[in-house]
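Listed below are the residues making up each chain.
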Protein chains: 2
Amino acid sequence: MNILWVFTHPESRSLNGSLRDAAVTHLTSSGHTVEQSDLYRMGWNPVVDAADYGHDSTRRLHVDTASSDALRNGTLAADIADEHKKLRQADAVVLQFPLWWFSMPAILKGWVDRVFIEGFGYGIRRDTGGTRRYGDGLMAGKRALIVTSMGGSEHTVSERGINGSLDELLFPIQHGLFWYTGMSVLPPVLVPSADRITAEGYVEAESLLHRRLDSMFTDAPVPFRQQNGGDYDERFVLRPEISAGESGVRVHSSLPGA
Amino acid sequence: MNILWVFTHPESRSLNGSLRDAAVTHLTSSGHTVEQSDLYRMGWNPVVDAADYGHDSTRRLHVDTASSDALRNGTLAADIADEHKKLRQADAVVLQFPLWWFSMPAILKGWVDRVFIEGFGYGIRRDTGGTRRYGDGLMAGKRALIVTSMGGSEHTVSERGINGSLDELLFPIQHGLFWYTGMSVLPPVLVPSADRITAEGYVEAESLLHRRLDSMFTDAPVPFRQQNGGDYDERFVLRPEISAGESGVRVHSSLPGA
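The model shown is predicted, which means the values in this text are computed figures rather than measured ones.

> Help me understand the overall build of chain A in this model?
The helix and strand inventory of chain A stands at seven helices and eight strands. For 258 residues, the compact-globule estimate of 2.2 N^0.38 gives 18 Å, and the C-alpha radius of gyration of chain A, at 19 Å, lies within 12% of that figure. Each principal axis of the C-alpha distribution contributes one length, and for chain A these read about 55 × 50 × 35 Å. Considering chain A as a whole, with its 258 residues, one finds that 58% of them fall into the buried category. Carbon and sulfur atoms make up 49% of the accessible area of chain A, which totals about 10,300 Å². Each charge sign in chain A was given a centre, from 25 positive and 32 negative side chains, and these centres are 4 Å apart.

Structure representation (structure tokens):
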């Protein structure tokens, strides 16, 4: 299979760098092909800007239409077009990053902002009317995985941990990006207490990651609900009989008990 | 009062640009002083990098210690030091941005990543032991407000809307950044369906924003729970008797019914 590994860390000699190197070796020796986007090494520009679209700066910029026009006309910045090509060829996408302020580092957020433009990431019309979104889109058929590290302990992102649960913190990425664009979402791999990890802890983390990679094409994805599957009404609000009386991010998946 | 207005949009002739201009005029004519960080206009660099800290790149970079060392030694990049000065002088901080992929645009995320470093945004020790965090920190006493726009309708970010509720989507910022660093958090101002706004709709949005700004120093903030207030145990997990049996981001505030 083809795997696109998006790596985000300013220091390749970091915990994340070691995990990435070992994972790429592991995947390759398992017969997969790994394409990398090492954002710091690439000097990735994270800032959405009129220049990406060959837009005439004397006219007001509408990011959505300017970007979809550029995509259609082939005038999109070359670095974005390269990432589109990598994504189209991928069977799975891995985003690896340290959790900074409970979210992606800016350079990775800017990979998302600049790459997932209208006509590629959103605004894809269905032949039958409406929009391909949440469970459908150009990324349908691909698998997606977050690999992340944090300084705090696992308790702090548990269901009642002070930072909010990991599912809630990653919901904008897992549901709002991966699932939105049609990808099948795997539960994230978290390396907690990363600043205090021991040699044994590192070996365990690497081993856990390799096991998760071994089963990434066979594991059951998170059962997020399809936008066009009947669970949402015409305003895109969950119908009252689905997870009746409940709220919170978990109602958007059909896990038992949710 | 002194207000720091952090503006994030690539186009000053946008809905967001108009709202910003009107708000700054409104605040100034109400007797406030407004300091702006217009990130696109400033050409803000959003990428955390060894160069920010005068770090010797032959040695492994640890972002947390390198940044706190640079802060202590006065070797921090000048643009970061400038933002620290603005933040220290502010009585309130407004972050204005279009919601891109259910989060901050990368340039704003990089303002957070580069400015809120160890020793300024986190890792502040208490005299009595432990850490100043969640309701306490260098930003204590300041108020914080998000002003954001989105293309989708308000229904889509309602309690059971397909995108997840606005409270959940903004939790990493409202709770994970503002409250974490000690700020008192005001409920966000949202301009939904921004791509389809009418002239009347714009007038309403501007008027709503001005009303919210008029009461920003008197409105009751979101009653998030203090880390050191007794509601969390020594692992920073909510004690079982607090919001017993419940989970989700709402358990971290003491709103009635939460």
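Anyway, onward from the coordinates.
> What exactly am I supposed to notice about the pairing of strand S3 (residues 92-98) of chain B here?
Look at any regular strand and the pattern is simple: side chains alternate between the two faces of the sheet. Residue and element names in this part refer to chain B. When you tally the buried positions in S3, you get seven out of seven residues, the bulk of the element. Burial along S3 is two-sided: Ala 92, Val 94, Gln 96 and Pro 98 and Val 93, Leu 95 and Phe 97, pointing in opposite directions, are all buried. Bridge count between strand S1 (residues 2-7) and S3: five bridges; the pairing is parallel. The residue bridging Trp 5 from the neighbouring strand is Val 94, located in S3.

> Honestly, the interface of chain A and chain B in this entry has me stumped. Any pointers?
Often, the extent of an interface is quoted as the loss of accessible area upon association of its parts. Counting residues at the interface gives 69 residues for chain A, matched by 69 residues for chain B. Note on chain A versus chain B: buried area summed over both sides is about 5,200 Å², and carbon and sulfur give 60% of it. At the boundary of chain A and chain B, one finds zero salt bridges. Elements represented by at least two residues in the side of chain A that touches chain B include exactly helix H3 (63-73), helix H5 (106-115) and helix H6 (166-179) of chain A.

> Looking at this model, I keep getting lost on the nonpolar core. Mind explaining?
Of all hydrophobic cores here, the largest spans 120 residues; its most connected members are Trp 111 and Phe 116 of chain A together with Trp 111 and Phe 116 of chain B. Dropping the residues within four chain positions of it, Phe 116 of chain A is found in contact with Leu 87, Trp 111, Gly 121, Tyr 122, Met 139, Leu 177, Thr 181 and Met 183 of chain A together with Trp 101 of chain B.

> Would you explain the packing of aromatic side chains in this entry?
Ring pairs (aromatic) are described by centroid distance and by the angle formed between their planes. Enumeration according to the criterion identifies 18 aromatic pairs over all chains in this entry. When the centroid spacing of 6.2 Å and the interplanar angle of 80° are considered together, the rings of Phe 116 of chain A and Trp 101 of chain B count as edge-to-face. Here Trp 101 of chain B lies in the loop between S3 and helix H5 (106-115) and Phe 116 of chain A lies in the loop between H5 and strand S4 (124-125), a pairing that spans two chains. Here the aromatic rings of Trp 111 of chain B and Phe 116 of chain B are separated by 5.7 Å at their centres, their planes lie at 75°, and the arrangement is edge-to-face. Side by side, Trp 111 of chain B and Phe 116 of chain B carry an identical accessibility label, which is buried. Aromatic rings pair up to connect Trp 101 and Phe 102 of chain A together with Trp 111, Phe 116, Phe 120, Tyr 122, Tyr 134 and Tyr 180 of chain B into one cluster. Across from the ring centre of Trp 44 of chain A, 4.8 Å away, lies the NZ or CZ of Arg 114 of chain A, which sits over that ring.

> I keep staring at the packing of H5 of chain A against H5 of chain B and nothing clicks. Help me out?
A pair of packed helices can be characterised by two numbers: the angle between their axes and the separation between those axes. Contact geometry of H5 of chain A with H5 of chain B gives a least axis separation of 8 Å together with a crossing angle of 175°. Taken together, H5 of chain A and H5 of chain B sit at an angle that is classed as roughly antiparallel. Residues Ala 106, Lys 109, Gly 110 and Asp 113 of chain A of H5 of chain A touch H5 of chain B, and the partners they reach there are Ala 106, Lys 109, Gly 110 and Asp 113 of chain B. Counted by class, the contact of H5 of chain A with H5 of chain B contains two nonpolar, two polar and four charged residues.

> What's the story with H5 of chain B in this structure? I'm lost.
Residues spaced three or four apart along an α-helix face the same direction, because each turn holds 3.6 residues. Burial runs high along H5 of chain B: ten of the ten residues are buried. Taken together, the buried positions of H5 of chain B are Ala 106, Ile 107, Leu 108, Lys 109, Gly 110, Trp 111, Val 112, Asp 113, Arg 114 and Val 115 of chain B. Tucked into the core, H5 of chain B has its buried residues touching H5 of chain A together with S1, helix H2 (39-42), helix H4 (78-89), S3 and helix H6 (166-179) of chain B.

> Is there a simple way to explain the domain arrangement of chain A in this structure?
Residue and element names in this part refer to chain A. Splitting chain A by domain gives domain 1 (2-221) and domain 2 (225-258). Distance between the C-alpha centres of domain 1 and domain 2: 25 Å. Each partner contributes to the interface: domain 1 provides twelve residues, whereas domain 2 provides eight residues. When the two sides are added together, the surface that domain 1 and domain 2 hide from each other amounts to roughly 900 Å², 43% of it contributed by carbon and sulfur. Linking domain 1 with domain 2 are two salt bridges, by the criterion used here. Notably, a salt bridge pairs Arg 250 with Glu 159, separated by 3.7 Å at the nearest N-O pair. Where domain 1 touches domain 2, the interface holds five residue pairs in polar contact (both at pLDDT 80 or more). Looking at the side of domain 1 that touches domain 2, the element that brings in the most residues is H6, giving five residues. When its residues are assigned to classes, the side of domain 1 that touches domain 2 shows three nonpolar, four polar and five charged.

Rules and cut-offs
Residues numbered from 1 in each chain as written. Chains lettered and ligands numbered in written order. Predicted model: local features only at pLDDT ≥ 70, side-chain atom pairs only at ≥ 80, totals over all residues. Heavy atoms only, no water. Helix = DSSP H or I, 4+ residues; strand = E, 2+ residues; numbered from the N terminus. Rg over C-alpha atoms; globule rule 2.2 N^0.38 Å. Buried < 20%, exposed > 50% of the residue type's maximum accessible area, 1.4 Å probe, protein only. Areas by Shrake-Rupley, 256 points an atom, 1.4 Å probe, with all protein chains shown as cover. Lys, Arg positive; Asp, Glu negative; His and termini not counted. Charge placed at Lys NZ, Arg CZ, Asp CG, Glu CD. Pairing = 2+ DSSP bridges. Contact = heavy atoms within 4.5 Å. Buried area = accessible area lost by both parts, 1.4 Å probe. Salt bridge = Lys/Arg side-chain N within 4 Å of Asp/Glu carboxyl O. Core = buried A, V, L, I, M, F, W, Y, C linked by side-chain atoms within 4.5 Å. Phe/Tyr/Trp six-rings, centres within 6.5 Å; stacked < 30°, edge-to-face > 60°. Lys NZ or Arg CZ within 6 Å of the ring centre and 35° of its normal. Axes fitted to C-alpha atoms, helices over the stretch in contact; angles between N-to-C directions. Parallel < 35°, antiparallel > 145°, perpendicular 65-115°, else oblique. Nonpolar A, V, L, I, M, F, W, Y, C, P; charged D, E, K, R; others polar. Domains from an automatic or database assignment. Polar contact = N/O pair within 3.5 Å; in protein donor to acceptor, adjacent residues only side chain to side chain.

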